[in-house]
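Structural features, examined
Here's the letter readout for the chains.
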Amino acid sequence: DQGLVARILVPADYGLMSLATSFTAYTEIFSELGLGAAIIQRPNPTRNALSSVFWFSLGISICFALACFPIAELTAYLFHETRVIPLTRAVSVLFIINGLQIVPANLLRKELDFKKVSIINFTSVVASCGFMLLLANLGAGVWTLLGGHLFRSTIKLVMTYAFARWMPSFLFDASTARSYLSFGFTVSMARSLTYLYQNSDRFFAGRFWAPPTVGLYSFALNLAQLPTEKITVIINQVSFPAFSKLQNDPVEFNRFYLHALRVTATLVLPLFVCGFLLAGDLIPVLLGDKWLPMIPVFRFLCLTQIVTSINAINDFVHNAQNRPRWFLVNSLGLAIFMPLSFYFAAQRGLYAMPIPWSTTYVVLCAIWILVTLRKLGIPVRLYGANLVQAVLATVAMAAAVLVVRTGWGMLPDGWTPRLLSLGIQILTAGASYFAWLWIFDRQLFHEFRRLRAA
């Protein structure tokens with residue numbers, strides 16, 4: 001959907017949307033207060049406890065929705081852009097929608113009912129794609145992006161209640177809600193700090209750059225994050241409830257951790273490396289020539305997303321074992337060093353912005369991985385051994401793609417359409433990658449089934 005919509009919209013639309021949600025996106029994350037994680041981590045929450053959490057979360061969501069109106073004025077003042085005011089105010093509806101589904105959505109995840117979760121996500125995404133294309137063709141501009149988000153969230157809300165078959169009772173116990181909040185608030189603070197460093201790049205970009213340039217960077221980052229959002233997030237949604245169930249069984253816990261690591265690496269490594277290799281053909285074919293300036297940025301962001309995907313599971317490990325403060329400390333370190341790096345990079349222009357991701361961020365993630373392995377008692381060599389086959393398969397895939405590209409490059413200019421060349425390279429990448437795994441690591445396919453069964 002992003003490719004089709006991006007062909008109609010312009011970079012400035014994405015830039016305005018990025019500016020408009022700079023602060024509301026944070027409050028959207030904070031308003032959940034980690035209560036979803038608390039529901040999943042607690043062994044047997046009662047109906048009365050869940051109802052108390054529901055009413056508390058709904059009340060907080062309404063407060064944050066009202067806060068969008070002064071936030072809109074603040075956003076316009078900081079970025080010197082009054083067009084963000086109505087956009088930011090409209091985001092208030094999302095707070096209420098999200099507050100209504102915190103309990104039923106996390107009950108589905110807690111019970112590992114991911115078939116229903118997948119149906120909800122797939123249906124809402126497909127429906128919102130059609131809605132966004134309609135808005136884009138009607139000339140809605142930046143409202144296409146916000147409208148699609150609102151439409152998707154509404155469909156998810158309706159379907160979540162239909163599948164969960166849960167309704168709150170008219171009961172509120174402040175002490176019960178407070179017990180969930182004690183765990184959830186720490187998780188929420190850590191997520192808030194995570195949001196701070198993850199969006200500080202766009203904040204400083206908005207301060208130093210014009211909206212079209214912000215749009216180029218924002219869309220490059222969004223596109224590079226697609227495998228993380230569509231694959232890694234799903235794996236972690238499975239992993240956190242599974243980790244929570246295994247928190248008192250260290251042997252099985254560690255075994256599942258390594259399984260999840262292997263599956264994640266196997267799925268995301270080829271996608272990110274293909275993004276790096278094929279960006280020169282992929283972006284003009286899918287998005288059009290107006291997006292060509294973002295190709296170098298997109299390439300390097302793809303590589304740093306490898307670290308993001310592999311590292312993400314460690315946060316859930318500590319939360320599942322009732323160590324949310326460790327997650328908080330790690331997020332604090334990132335929230336200190338990443339914004340400082342982005343501040344200096346933003347002043348040097350668009351092509352300097354990936355540098356903090358590939359230096360400061362990679363170092364901090366490596367430290368977090370080592371801390372997690374030491375706590376779990378997993379040797380570094382065993383951790384690396386579970387990545388070897390995915391790395392070797394990716395290297396073989398990259399070599400095959402480069403050979404094919406060299407062959408096509410020897411043909412006369414204009415002899416083959418760019419779309420055909422891109423298609424051949426993608427088919428080569430997929431065939432070579434899966435051939436390597438089938439020959440040298442066939443056991444991995446059983447690992448996929450094991451993760452699904454967990």
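Data block above holds the structure.
A few points on the structure. Worth saying up front: this structure is predicted, and the values here are computed from it rather than measured.

Quick look at the overall build of the protein chain now. Counting its secondary structure elements, the protein chain contains 22 helices and zero strands. By the compact-globule yardstick of 22 Å for 454 residues, the protein chain fits well, its C-alpha radius of gyration being 22 Å. Once the C-alpha set of the protein chain is aligned to its principal axes, its extents read approximately 75 × 55 × 40 Å. Within the protein chain, the proportion of its 454 residues that are buried is 54%. Counting contacts in the protein chain only where the partners sit at least 6 residues apart, residues at least 24 apart contribute 83% of the total. A total accessible area of about 20200 Å² is found for the protein chain, and carbon and sulfur atoms account for 68% of it. The distance from the centre of the 34 positive side-chain charges to the centre of the 19 negative ones in the protein chain is 5 Å.

Positive phi, close to 55 degrees, is recorded for histidine 80, a residue that is not glycine. Relative to the helices and strands, histidine 80 resides in the loop between α5 (47-79) and α6 (84-90). A positive phi is found at asparagine 322, a non-glycine position, where the angle reads about 60 degrees. With respect to the helices and strands, the residue asparagine 322 is situated in the loop between α15 (313-320) and α16 (324-346).

Core analysis: the biggest nonpolar cluster contains 128 residues, and Tyr217, Tyr257, Trp291 and Met294 have the highest contact counts within it. Sorting elements by how many residues they give to this core places helix α13 (residues 250-287) first, with 18 residues. When neighbours within four sequence positions are excluded, tryptophan 291 is seen to be in contact with Ala6, Val10, Pro11, Tyr14, Gly215, Leu216, Phe219 and Ile283.

Moving on: α15. Most of α15 sits out of view: seven of its eight residues are buried. Among the residues making up α15, those that are buried are Ile313, Asn314, Asp315, Val317, His318, Asn319 and Ala320. Trailing α15 by a residue or two, asparagine 322 shows a phi angle of about 60 degrees, which is positive.

Oppositely charged side chains can form a pair if their charged atoms are brought close together. The tally for this structure, following the rule as stated, stands at five salt bridges. With its nearest N and O atoms 3.6 Å apart, the salt bridge here joins aspartate 201 to arginine 202. Taken individually, aspartate 201 and arginine 202 each receive the classification buried, so the pair is uniform in this respect. Measuring nitrogen to oxygen at the nearest pair gives 2.7 Å for the salt bridge that ties arginine 262 to aspartate 441. Of the two residues, arginine 262 is situated in helix α13 and aspartate 441 in the loop between α21 (418-440) and α22 (443-453); the sequence distance between them amounts to 179 residues. The exposure class assigned to aspartate 441 is buried, which follows from its relative accessible area of 9%.

Where helix α7 (residues 92-110) contacts helix α9 (residues 143-164), the axes come no closer than 9 Å and their chain directions differ by 35 degrees. The two elements α7 and α9 cross, and the hand of that crossing is left-handed. Between α7 and α9, the contacting residues are Val93, Leu94, Ile97, Asn98, Leu100, Gln101, Pro104, Ala105 and Leu108 on the first element and His149, Leu150, Ser153, Thr154, Lys156, Leu157, Thr160, Tyr161, Phe163 and Ala164 on the second. For the contact of α7 with α9, the residue count by class is twelve nonpolar, six polar and one charged.

Another aspect to go through is α21. In this model, α21 (23 residues) spans 33 Å end to end at C-alpha, consistent with the 33 Å of a helix rising 1.5 Å per residue. Of all the positions in α21, only Ser421, Leu422, Gln425, Thr428, Ala429, Ser432, Tyr433 and Leu437 are classed as buried.

Attention shifts here to the environment of valine 395. Topologically, valine 395 is positioned in helix α20 (residues 388-409). For the pair valine 395 and leucine 350, spaced 45 residues apart in sequence, the C-alpha separation works out to 29 Å.

Now for the side chain of arginine 323. By the element assignment, arginine 323 lies in the loop between α15 and α16. Comment: no salt bridge for buried arginine 323; closest opposite-charge side chain is aspartate 315, at 11 Å. With residues up to four places along the chain from it excluded, the contact list for arginine 323 reads Val317, His318 and Lys375.

Summed over all chains, the structure comprises 23 aromatic pairs. An angle of 80 degrees between the planes, with centres 6.1 Å apart, marks the rings of phenylalanine 276 and phenylalanine 300 as edge-to-face. Highlighted residues: phenylalanine 276 in helix α13 and phenylalanine 300 in helix α14 (residues 295-311), separated in sequence by 24 residues. Looking at phenylalanine 300, the relative accessible area reads 45%, which means it is partly exposed. Every member of this aromatic cluster is reached through a ring pair, and the members are Phe79, Phe203, Phe204, Phe208, Tyr343 and Phe344. It is arginine 323 that lies over the ring of tryptophan 326; its NZ or CZ is 5.1 Å from the centre.

About the criteria used
- Once a new chain begins, its residue numbering starts again from 1 and follows that chain's sequence as written.
- Whole-chain, interface and lining totals are the exception, using all residues; otherwise, since this is a predicted model, local features are given only for residues with pLDDT of at least 70 and side-chain atom pairs are given and counted only at 80 or more.
- To get the side-chain values, all heavy atoms of the structure are used, and hydrogens and water are removed first.
- Put simply, DSSP H or I for four residues or longer makes a helix, DSSP E for two residues or longer makes a strand, and each gets a number counted from the N terminus.
- Restricting the calculation to C-alpha atoms gives the radius of gyration, and the globule rule supplies 2.2 Å times the number of residues raised to the power 0.38.
- Burial here depends on accessible area, computed with a 1.4 Å probe over protein chains only, as a share of the maximum for the residue type. Under 20% is buried, over 50% is exposed, and the range in between is partly exposed.
- Any pair of residues with heavy atoms lying within 4.5 Å of one another is described as a contacting pair.
- Exposure was quantified through the Shrake-Rupley algorithm and a 1.4 Å probe, taking into account, for residues, occlusion by the shown protein chains and nothing else.
- Note that His is not counted, nor are the chain ends; the positive residues are Lys and Arg, and the negative ones are Asp and Glu.
- All charge positions are set by atom: Lys at NZ, Arg at CZ, Asp at CG, Glu at CD.
- Side-chain atoms within 4.5 Å are what join buried Ala, Val, Leu, Ile, Met, Phe, Trp, Tyr and Cys residues into a set we call a nonpolar core.
- A pairing counts as a salt bridge when a side-chain nitrogen of Lys or Arg comes within 4 Å of a carboxyl oxygen of Asp or Glu.
- Angles shown run from 0 to 180 degrees and are taken between the N-to-C directions of axes, each axis being a line fitted to C-alpha atoms and, for helices, limited to the stretch in contact.
- Throughout, a crossing is termed right-handed when the near helix is turned clockwise from the far one, and left-handed when it is turned anticlockwise from it by less than a right angle.
- Classification used: nonpolar for Ala, Val, Leu, Ile, Met, Phe, Trp, Tyr, Cys and Pro, charged for Asp, Glu, Lys and Arg, polar for all others including Gly.
- The span one expects for a helix is its residue count, reduced by one, times 1.5 Å.
- Note on aromatic pairs: the rings of Phe, Tyr and Trp (six-membered ring only in Trp) are paired at centre separations within 6.5 Å, and the planes decide the class, stacked below 30 degrees, edge-to-face beyond 60, tilted for the rest.
- In this analysis the charged atom, NZ for Lys or CZ for Arg, is taken to sit over a ring once it is within 6 Å of the ring centre and within 35 degrees of the ring normal.

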